[in-house]
Amino acid sequence: MRNYLGFINPWLDVCGSPLECLRDSSSFISSSEQPNSGVRTCYCHFTMSIVNTVLVPAVTHAGRYSTPRPRCNAEFHHMQEFVPFGGKEGEEDPTLVSDDISSLNVVTVDMLQQSNKVEHQTAMYDSPELIIRRGQEFFVSVTFNRPLSPTDKFQLEFMIGANPTVSKESMIVVPFDGSPGGSWTGRRVNEQGAMVTLGITPNPKALVGKFQSCVAILIPSGIIRTKRDPSTDLYLLFNAWCPDDEVFLNNDTDRKEYVLNDHGVIYQGDADAMSNRMWLYGQFEHGVLDACIYILDACNMPIDNRGSSIYITRQASAMINSEDDDGVIVGRWDEDYSLGTSPTLWTGSTQILLKYASTRTPVRYGQCWVFAGVFNSFLRCLGIPSRVITNYGSAHDNDGNMKIDLIFLPDGQPDHFNTRDSIWNFHCWNEAYMSRSDLPAGLGGWQVVDATPQETSSGYFRCGPASVKAVKEGQVSYPFDMKFVFAEVASYVVFQKRDKSGVLTPFHTDKTSVGKLILTKSVGSDAPADITNTYKNPVGISNDEPTSVLGEDLESDNPELPGTTVTASILVNQVQLEQDFTLVIEFTNLGGVELKIQANLSGSVAFYTGVPSEKFKDENVDVTVSPYTTERVLVNVLAVEYMPNINSQSILSFTLVGRTTDNQDFATAKVLTLQVPTLSIEVSEPPHLGQVTYVTVSFTNPFTFSLDDVSISCEGSGLLDFKIKQYSVIAPNDTITWVESCYPKQTGKSRLCAFLDCNKLSRVSGILDVLILP
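In short, a report on the structure. This structure is a prediction, so every number in the text was calculated from the model and none was measured. (Residues numbered from 1 in each chain as written. Predicted model: local features only at pLDDT ≥ 70, side-chain atom pairs only at ≥ 80, totals over all residues. Heavy atoms only, no water.)

### Here's the deal with unusual backbone geometry
Here is step 1: The linkage connecting arginine 364 with the following residue, tyrosine 365, adopts the cis geometry, with an omega of 0 degrees.
Here is step 2: Following the sequence through the fold, tyrosine 365 ends up in strand β15 (residues 363–366). (Helix = DSSP H or I, 4+ residues; strand = E, 2+ residues; numbered from the N terminus.)

### A word on the nonpolar core
Here is step 1: Formed by 98 residues in total, the largest nonpolar core has its most connected members in Leu289, Ile320, Trp369, Val374, Phe378, Leu382 and Tyr535.
Here is step 2: Ranked by residues supplied to this core, first place goes to helix α7 (residues 368–381) with ten residues.
Here is step 3: Filtering out sequence-adjacent residues up to four positions away, leucine 289 remains in contact with Tyr125, Ile131, Tyr235, Leu237, Cys381 and Leu382.
Here is step 4: Residues Val575, Ile646, Phe699 and Ile736 belong to the second largest nonpolar core, which totals 59 residues. (Core = buried A, V, L, I, M, F, W, Y, C linked by side-chain atoms within 4.5 Å. Buried < 20%, exposed > 50% of the residue type's maximum accessible area, 1.4 Å probe, protein only. Contact = heavy atoms within 4.5 Å.)

### Topic: helix α9 (residues 482–490)
Here is step 1: Where burial is concerned, most of α9 is hidden: eight out of the nine residues are buried.
Here is step 2: Of the residues making up α9, those classed as buried are Met482, Phe484, Val485, Phe486, Ala487, Glu488, Val489 and Ala490.

### A closer look at the pattern of salt bridges
Here is step 1: Tallied over the entire structure, the rule returns 27 salt bridges.
Here is step 2: Among the ionic pairs, aspartate 252 bridges to lysine 256, the shortest N-O distance being 3.4 Å. In this pair, aspartate 252 and lysine 256 are both assigned in helix α3 (residues 252–260), four residues apart and thus about one turn of the helix distant.
Here is step 3: The exposure class of aspartate 252 is partly exposed, given its relative accessible area of 33%.
Here is step 4: Residue arginine 332 is joined to aspartate 336 by a salt bridge in which the shortest nitrogen-to-oxygen separation is 3.8 Å.
Here is step 5: Since its relative accessible area comes to 36%, aspartate 336 is described here as partly exposed.
Here is step 6: A cluster of three or more residues bridged by salt bridges with shared partners is formed by Asp252, Arg255 and Lys256. (Salt bridge = Lys/Arg side-chain N within 4 Å of Asp/Glu carboxyl O.)

### Some remarks on the packing of aromatic side chains
Here is step 1: One pass over the structure, following the stated rule, counts 27 aromatic pairs.
Here is step 2: Taking 5.2 Å as the distance between ring centres and 65 degrees as the angle between the ring planes, the aromatic pair formed by phenylalanine 144 and phenylalanine 154 counts as edge-to-face. Of this pair, phenylalanine 144 sits in strand β4 (residues 138–144) while phenylalanine 154 sits in strand β5 (residues 153–159), placing them ten residues apart in sequence. By the burial criterion, phenylalanine 144 is buried, and phenylalanine 154 matches it.
Here is step 3: Among the aromatic residues, those joined into a cluster by ring pairs are Phe138, Phe158, Trp184 and Phe211.
Here is step 4: Directly above the ring of phenylalanine 755 sits arginine 277, whose terminal nitrogen or CZ lies 3.8 Å from the centroid.
Here is step 5: Over the ring of tyrosine 294 we find arginine 360, and its NZ or CZ is 4.1 Å from the ring centre. (Phe/Tyr/Trp six-rings, centres within 6.5 Å; stacked < 30°, edge-to-face > 60°. Lys NZ or Arg CZ within 6 Å of the ring centre and 35° of its normal.)

Shown next, in the form of structure tokens:
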């Protein structure tokens, strides 16, 4: 489906929703429904698609709803300035208005932005509008044409979307005369002459998004409202500081990290050679909040569902990728990024979100850390506590059986053609913190949500929210996508041989390769925090085995194989790109009989997703191991073997499959992430607000080969906007220097990030923390 914005077409999309029950064809409304509704139409509703090569005419709301179900926060309902009691919107009696309006008028409305933003922890947002958090009181100052009398009646009204209604809480009425109100409460805080300070407390379950507001005066003949004034609009967010909000996080240090921190660390590499990637979330940058709200508008999520963190996170997990709903980012893993930006060049989320909102077109390209970084920005921007997770040895269960099947040929060579499952060196997803009223008690807290398009969930590429506690307990039948997440961190790896008839015979089971290490950024520092024990228990403890909510064992597909008396492992130190190195293969005989072993070692250049690219090594290994001893075999790997096929990810994968003379089969594997150089970043002098500052990025090519078509990106929050510099070639031992001028936009701490990418090299980065002075 492709959106054609600004073009109203009578043939409209009715393909369904990324979140079942949250979108239906009734949301698509034609211009013929609009003339007298008072609704300003947002063209994100109007799309064109071909369903089974047949154009389908628009389906209206008629017969299902009395009015179209509001699905776009960008639409504002035009409230009549006067509505007579007993009448309808638009039935205005000028005589009645003239007779009554002389008694009380509103002169000015002050949203008290500065003080409200400080109290609501939203002063960091670069936005002219008031931004508050639900469940917490905020203040508004209203100046009338005279002091209030005991008989005066007035109320504040807050509206979100088109056709707001009190029953759906998209229309909020807050009275100040003692009359019963709705779920938002109000009080008179102070009166000084004609100026009244009002306190309003939104419902902690209120809808999240952009509201328009007005002051309504009740007179004997009707209601008089103030004119539409964009300066009185406000944004309402989730509130991790409010105990009654479902995203409440009971630790101020955690709230500062998981809601307010606008930069972070995403861990990559492999469990034996971790690397850090800095990411600028930029949730407070100008336009990002509107972009996040647009994401919900673009998928036609009903306004009245936008108070639920469960619905919003599940909807967004589909919308951050573009697979089936023209979402934010196009995923690509084949290293052809000629039509967009390489995933390794992105420094943060701001540029991606703003580009998507301005072009209404998916942004090319992303991989798992990009999806996770942007999703984290979306969640924190709306006030949902969130963090990026890295799972080393992350299983991709293709068929939903919660095990990973690796298939081999009879001679021990990997059968890549018939292997559908894979183990990613690392995979990044998000955790969002929320209560789960739809699950049994105790399963709230951190929830897995994943925007990387891997497998479909109810027909769409999305994942979660899935309770981390339920994952650890093996309760895989709860919503959402529990089996897939459980498999990612705790599935067994079953090695199977495929004979010439296609029959598979398991010969080895590995219970430790999946979910080796699960990390997130530590609170208050860039150091990694090991959270593996929140997902799984040590091997051997029974409650990390999958069970349904009824308690039956779901492990029956994992074969129990006869024990063997031989084990093997592949050892290697960290290796620089273009360096020769030696693999050490250790064979251990656990029994009392001498073993003669024949094994095959296969080496391939690989992607971080575990998918092989090009095979470069095939070597047979013969060894005799005495009882209760270990023998080591050294295998040399030369740079000239792997360099001709190396890709920009610089990853090598080795698999060893062997058999003893007494027909014991065994297997082991090793992934090696080759180390790469770094970039250097400097600033000319301590930067000052609004004064020119020079940022210098430099790199020296240490290799014996030239780097062609090189791109370098750089960005610093509040300091330097996202920029890319390109170089046609960097010859061996040559140094490039890129100097960029900038004018700091805000004081305080900032972080500069830079990345280099070309067809032979990526993961090259540099960071610099700076303090912007007044």
